[in-house]
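Spelled out from the first residue to the last, the chains are:
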Amino acid sequence: MGNESKKAPCSIALLAHVDAGKTTLSEALLYVSGAKRTLGRVDHGDAHLDTHALERTRGITIFSKQARLSTPRLEITLVDTPGHVDFSPETERTLSVLDCAVLVISGTDGIQAHTMTLWKLLERYHVPTFLFVNKMDLPGAQKDKLLSRLQRELSSGCVDFGADFSQIAEAAALCDEALLESYLQTGTVTPGNIRGLIAGRKLFPCCFGAALKLEGVEDFLQVLDAYAPQRPSLPAFAARVYKISRDAQGARLTWLRVTGGRLKVRDVINYANQKGDALEEKIVQIRLYSGEKFTPAEEAGAGSLCAVTGLSATFAGQGLGAEPAGAPPLLEPVMTYRVELPGGCDPMTVLPRLRQLEEEDPQLHILWEGGSIQVQIMGKVQLEVFRELVAQRFSLDIQLGAGRIFYKETIRDTVEGVGHFEPLRHYAEVHLLLEPGEPGSGLVFDTVCPTDVLDGAYQSLILTHMAEKQHRGVLTGAPITDMKITLLVGKAHLKHTEGGDMRQATYRAIRQGLMQAQSVLLEPWYDFTLTLPTAAVGRAITDIRGMGGRFDAPENTGSLSVLKGTVPAAELGDYAQVVASYTQGQGRLQIALHGYAPCHNQEAVVSAAGYDPEADTENTPDSVFCAHGAGFNVKWNEVKNYMHLESGLKEEQAPQLITRNMRLDDRELEAIMEREFGPVKRPLYRAPANRPATEEVRIRTPRRKAIIVDGYNIIFAWPDLQELAREDLEAARRKLCDMLSNYAGFRKCDLVLVFDGYRVKGNPGEKRQYHNIQVVYTKEGETGDAYMEALAAKIGGNYAVRVATSDSLVQLSSFRSGVLRMSARELREEIDLAAKEMSAFYGKK
């Protein structure tokens, strides 16, 4: 290892549409580099990287695998990925751990629909890309036409690297303004300049050859050695998991790239499983694989791809150490099948076994629905492979029922969803804004609720509950997607709110919002490329129109024509066999997943599903309120008549009030308080700057909290203050002021303490600041009750006001003013609870 250890590690994956010759190219690279002494072939069943029996039987790559080879500058880990569209998720998972990729294109087939899917994935993961155009020895492969098409359909940065360096340098300079200016002045472009352009995805080297005959392979390997870029690494240990598998002995392997620092055998790794549980486990073994064989290693440095044992609950996409978690996958299964087990098999025994396959292929979704096992799969080839894997691994001969399309749902308009959960001794209320998102954006969660309205810990809990569950739509019960869900306001109870209460309120708020919205059913669509005799184009156009598909004008290439477009996956069925039949084998259909789009026959699908959202008790839109010591159910369409918090949206039906609310900003509120109590020494609340900006919906700024306290009533209602007041009334007032000041500071509310001076002769009244609270002594002839009622009426429109007193007359007047009441006992309980929380909080510091 002496000299090789100085070489830069570089991870390179080969990607291609099916039958482009990708595995053949990997064999050629291994042979030319000296890593293999013999040249394997796919059709002979001895390819170095097609190691699984299913791959050798079918002649296709199903699982990504790696091999190691050396060049003068690099120590390359070569990753061979599946080419069939059904196994595209396996390819996608490798992209986050690569230094660069090689996109293999057939010189006779050119750019296919799946080629474009792979190109989009490479763009999404920002992977520097080289192109190898294969099968150039076959009739019909024309280099100039192919290069022109690559530049037109993929990128103008596609440059022929088989040309002289002077021509490559000039073409590279045209890809970057700064480099062009330097080139015009100096006439030079360095290999480092070229590597930089490749790393920034501005330049895409193209090489041409025939891998089966080793033509152009050595030149291509030299291009990789000279120009393949390497990703920068982190100083501290970091790693990205991209795959889980099991070896022949059943040992669990975690495949990862070390993205920073070094990983050593017996290192302790702290991480969380998919449930969020913290784990601490040791690395037992580090394996450097090449094909089926591996070399044990004591450590792996930054840039290395390796498999490790000892980690029991890692998952694909996970970040370890300083590495952040990966982005959710773009490709998803589109079909759902019912797993039919052999007689005598217990589904609950089989389910954990199938979960192992799901762990190894996260896009192979295993579900338990309606008392049976369901599996979500990309297509028919993967379905067949799944059955064979189950038979090999678990000796089970399963059957799969008729497939059904995996639909999703989204919304067309913006709504506010409200969820309230208040059975006896429980409490939570949540208001959420549901907005339609961009197609393919998934679910995005956010909050604009200030922490002085709802504590940050509760807000984090609500955001967790939004993300932890697959929320179902109201048309067919399909999962929702392409929405932004924002927490507007929420409310908890000091004594009665538990974590499960917020979960219930959040789930119900989402569901209640969906019931109000205009829902849209989404279905998967395929991009298709149909190549067939020109005489059969009319038949093809009629078929595609009948499926509800869309297409561009046919491209005529002599005796053959090419038709491109999109078509609903539900309608495509076995159309590839139909094409082969009516074209006598001359036609070919290529498909790639386009994504989800509005269903072409929504009404028919919804009617056939027969889903009743109100009967789905596990996903109820209703809320639970409490009265007379018992909880009662409130239907979703009546919840807003019972909710405790104001709507988080501006209400269009009251334009005068809305205008006033919009104009009465923080400065005007401050002016009112200053007129009453003098300058206030505290920062103003400012509305969050990241609120959703739409013309149709305006979010109401949550009202600040204020408490008005009846001073003497509280003093003589609390035994300790009552006893102190008998000896020294001023000392009792000071102690109450101190207690309320601490409470208001910790709870972040405005507090006014009112002492009644009604019977004091010649009393002019007084208003003064005591730390962070205002203290008022009413003037002669002015009762404290009257002052509190007037103050509550003045600020109640813009503050969430509570009046603390045990005086029944004051409580009655406050109730009539529309503010909340709080007894002396309840205030004391809140203050004592806040004191305990303060002690716990500051005790941790």
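These figures come from a predicted structure and were not determined experimentally.

Asker: Kindly report on the nonpolar core, identifying the contributing residues and their values.
Answerer: Membership of the largest hydrophobic core comes to 50 residues, with the highest contact counts inside it found for Val375, Phe386, Leu530 and Tyr575. Broken down by element, the residue count for this core peaks at seven residues, all from strand β28 (residues 519-533). In this structure, tyrosine 575 is in contact with Leu530, Ala540, Asp543, Ile544, Met547, Tyr582 and Leu589, ignoring residues within four places of it in sequence. Residues Val104, Ala169, Ala172 and Leu179 belong to the second largest nonpolar core, which totals 41 residues.

Asker: For the pairing of strand β35 (residues 704-710), give the residues involved together with the corresponding values.
Answerer: Burial analysis of β35 places six of its seven residues in the buried class, which makes it a mostly covered element. Sheet analysis places β35 next to strand β39 (residues 799-804), joined by six bridges and oriented parallel. Among the inter-strand pairings, arginine 704 is bridged to a residue of β39, identified as tyrosine 799. In this structure, β35 lies alongside strand β36 (residues 750-755), joined through five bridges in parallel fashion. Among the inter-strand pairings, isoleucine 707 is bridged to a residue of β36, identified as leucine 751.

Asker: Quick one: what's the story with the pattern of salt bridges, residue by residue and with numbers?
Answerer: In this structure the tally under the stated criterion is 38 salt bridges. Note that arginine 511 and aspartate 616 form a salt bridge whose closest N and O atoms lie 3.8 Å from each other. With arginine 511 in helix α13 (residues 499-516) and aspartate 616 in the loop between α17 (602-609) and β33 (623-627), this pair connects stretches of sequence that are 105 residues apart. On the basis of relative accessibility, which here comes to 3%, the residue arginine 511 falls in the buried class. Residue arginine 802 pairs with glutamate 830 through a salt bridge whose shortest N-O separation is 2.8 Å. In this pair, arginine 802 is assigned in strand β39 and glutamate 830 in helix α25 (residues 824-843), connecting sequence segments 28 residues apart. The exposure class of glutamate 830 is buried, given its relative accessible area of 11%. Each of Arg246, Arg252, Glu359, Glu360 and Arg393 takes part in salt bridges that share partners, so that together they form one network.

Asker: Talk me through the sheet that holds strand β37 (residues 766-770); I want residue IDs and the actual numbers.
Answerer: With mixed pairing, the six strands of this open sheet are ordered in space as β37-β38-β36-β35-β39-β40. The open sheet is flanked by β37 and β40 (820-822), the only strands paired with a single partner. In this sheet, adjacent strand axes meet at a mean angle of 20° when their direction is disregarded. Inspection of the sheet shows β39 paired to β40 by three bridges, in the parallel sense. Bridge assignment links arginine 802 to a residue of β40, and that residue is leucine 820.

Asker: Go over unusual backbone geometry, please, and point to the residues and values.
Answerer: In this structure, lysine 135 is a non-glycine residue whose phi angle is positive, near 60°. Examined against the element boundaries, lysine 135 turns out to sit in the loop between β5 (129-134) and α5 (143-153). Look at lysine 135 and you get partly exposed, because its relative accessible area is 24%. The phi torsion at leucine 214 lies on the positive side, around 65°, for a residue other than glycine. Given a relative accessible area of 28%, leucine 214 falls into the partly exposed group.

Asker: Any details on the sheet that holds strand β6 (residues 158-160)? Residues and values, ideally.
Answerer: Here seven strands make up an open sheet; going across it, the order is β2-β3-β1-β4-β5-β7-β6 and the pairing mixed. Single-partner strands in this sheet number two, and they are β2 (65-70) and β6. Neighbouring strand axes in the sheet, compared pairwise and without regard to direction, differ in orientation by 25° on average. Bridge count for strand β1 (residues 8-16) against strand β4 (residues 100-106) is five bridges, and the pairing is parallel. When the bridges of β4 are listed, leucine 14 appears paired with valine 102.

Asker: Hey, could you go over the confidence of the model for the protein for me, with residue numbers and the actual values?
Answerer: Per-residue confidence for the protein averages 85 on the pLDDT scale, and 89% of its residues sit at or above 70. Low pLDDT, under 50, characterises residues 652-666; the predicted model gives this stretch 20 contacts beyond four residues in sequence or across chains. Every residue in residues 680-695 scores below 50 in pLDDT, and together they form 32 contacts with partners more than four places removed in sequence or on other chains.

Asker: Kindly report on the packing of aromatic side chains, identifying the contributing residues and their values.
Answerer: Tallying each qualifying case throughout the model produces 11 aromatic pairs. With a centroid separation of 5.5 Å and an interplanar angle of 85°, the aromatic rings of phenylalanine 161 and tyrosine 227 are classed as edge-to-face. In this pair, phenylalanine 161 is assigned in the loop between β6 and α6 (165-173) and tyrosine 227 in helix α9 (residues 217-227), connecting sequence segments 66 residues apart. Phenylalanine 161 gets classed as buried once you look at its relative accessible area, which sits at 7%. By way of ring pairs, the aromatic residues Trp255, Tyr289 and Phe294 are connected into one cluster. In this arrangement the basic side chain of lysine 243 is found over the ring face of tryptophan 255, its NZ or CZ atom lying 5.1 Å from the centre. Seen from the ring of tyrosine 507, lysine 469 lies directly overhead, with NZ or CZ sitting 4.4 Å from the centre.

Thresholds, definitions, all that
Residues numbered from 1 in each chain as written. Predicted model: local features only at pLDDT ≥ 70, side-chain atom pairs only at ≥ 80, totals over all residues. Heavy atoms only, no water. Core = buried A, V, L, I, M, F, W, Y, C linked by side-chain atoms within 4.5 Å. Buried < 20%, exposed > 50% of the residue type's maximum accessible area, 1.4 Å probe, protein only. Helix = DSSP H or I, 4+ residues; strand = E, 2+ residues; numbered from the N terminus. Contact = heavy atoms within 4.5 Å. Pairing = 2+ DSSP bridges. Salt bridge = Lys/Arg side-chain N within 4 Å of Asp/Glu carboxyl O. Axes fitted to C-alpha atoms, helices over the stretch in contact; angles between N-to-C directions. pLDDT = per-residue confidence, 0-100. Phe/Tyr/Trp six-rings, centres within 6.5 Å; stacked < 30°, edge-to-face > 60°. Lys NZ or Arg CZ within 6 Å of the ring centre and 35° of its normal.

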